[in-house]
Amino acid sequence: DQQVKQNSPSLSVQEGRISILNCDYTNSMFDYFLWYKKYPAEGPTFLISISSIKDKNEDGRFTVFLNKSAKHLSLHIVPSQPGDSAVYFCAASAESGGSNYKLTFGKGTLLTVNP
Amino acid sequence: NAGVTQTPKFQVLKTGQSMTLQCAQDMNHEYMSWYRQDPGMGLRLIHYSVGAGITDQGEVPNGYNVSRSTTEDFPLRLLSAAPSQTSVYFCASKPGAYNEQFFGPGTRLTVL
């Protein structure tokens, strides 16, 4: 039973355009969501996060949107750059349930930004 | 700070052999954890620790043991390696008040 789903295994966009990566979750206890970026042969690196008390969080070119009623979040990258090409993982935790150290990951989306 | 370090980077084992994957962090983080990444599976939690002397099981703990005798170190032991344990293993840590975990570079393990 997959609690965090990233239904698009891959996404290809042109440099300068917007990249939108989607993530759905099924566990209503999840109240904190994170996006990690992973290059080949490296560990995941934290990108941006959002608490369930918010519906939007921005950090430079990266914005995460959360729709709690739909149990859906998305990561927007504007403008996309070739260096953004990587696997992006969506992750969730149940902070208020005392489990903020247990992350549940999606399967990841491979983003390719073409010059 | 070196952050989260893992050794070795690569390892090949034969079925039935045992080994220990090392993980260390120099950030004085309370929480440490081990994940495995398999193709098409994302990262799955194996074991975690909320502090020295305290460990618990994650989603896929079978075949693995952990201990946490110091804040800095969190080794993962494979008692009798099986081909199903072929994977990339990531160690992570975080300070208690934060949700964001910091990951090490990973250990790629192949069990023949």
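Quick note: structure is the one above.
Residues numbered from 1 in each chain as written. Chains lettered and ligands numbered in written order. Predicted model: local features only at pLDDT ≥ 70, side-chain atom pairs only at ≥ 80, totals over all residues. Heavy atoms only, no water.

### Let's talk about the pairing of strand S7 (residues 62–67) of chain A
Regular strands show a simple pattern: their side chains alternate between the two faces of the sheet.
Residue and element names in this part refer to chain A.
Here is step 1: Bridge count between strand S6 (residues 56–59) and S7: four bridges; the pairing is antiparallel. Pairing of Asn 57 across the sheet is with Val 64, part of S7.
Here is step 2: In this structure, the hairpin formed by S6 and S7 is closed by a connection of two residues, where Gly 60 is found at a positive phi of approximately 65 degrees.
Here is step 3: As paired elements, S7 and strand S8 (residues 72–77) share six bridges and run antiparallel to each other. Residue Leu 66 lies in a different strand from S8, and its bridge partner there is Leu 73.
Here is step 4: Between S7 and S8, which pair antiparallel one after the other, the connecting turn spans four residues, and Lys 71 there sits at a positive phi close to 55 degrees. (Pairing = 2+ DSSP bridges. Helix = DSSP H or I, 4+ residues; strand = E, 2+ residues; numbered from the N terminus.)

### Details of the packing of aromatic side chains
Here is step 1: Counted according to the given criterion, the structure contains 10 aromatic pairs over all chains.
Here is step 2: For the ring pair Tyr 25 of chain A and Phe 33 of chain A, a centre distance of 4.6 Å and an interplane angle of 40 degrees mean the geometry is tilted. Here Tyr 25 of chain A and Phe 33 of chain A have matching classes, each one buried.
Here is step 3: Ring geometry for Tyr 36 of chain A versus Phe 103 of chain B: centroids 5.4 Å apart, planes at 85 degrees, classification edge-to-face. Here Phe 103 of chain B lies in strand S10 (residues 102–103) and Tyr 36 of chain A lies in strand S4 (residues 32–38), a pairing that spans two chains.
Here is step 4: The class of Tyr 36 of chain A is buried, set by a relative accessible area of 0%.
Here is step 5: Taken together, the ring pairs connect Tyr 36, Phe 46, Phe 89 and Phe 105 of chain A together with Tyr 35 and Phe 103 of chain B into an aromatic cluster. (Phe/Tyr/Trp six-rings, centres within 6.5 Å; stacked < 30°, edge-to-face > 60°. Buried < 20%, exposed > 50% of the residue type's maximum accessible area, 1.4 Å probe, protein only.)

### Quick look at the sheet that holds strand S7 (residues 64–66) of chain B
Pairing between the strands of a sheet is mediated by backbone hydrogen bonds and can be parallel or antiparallel.
Residues and elements named next belong to chain B.
Here is step 1: Judged by pairing direction, the sheet is antiparallel, and its four strands sit side by side in the order S1-S3-S8-S7 without closing on themselves. Two strands close off the open sheet at either side, each with one partner strand: strand S1 (4–7) and S7. Ignoring strand direction, the axes of neighbouring strands in this sheet form an average angle of 20 degrees.
Here is step 2: When S7 meets strand S8 (residues 76–78), the two strands line up antiparallel, connected through three bridges. Bridging from a neighbouring strand, Val 66 pairs with Leu 76 of S8. (Axes fitted to C-alpha atoms, helices over the stretch in contact; angles between N-to-C directions.)

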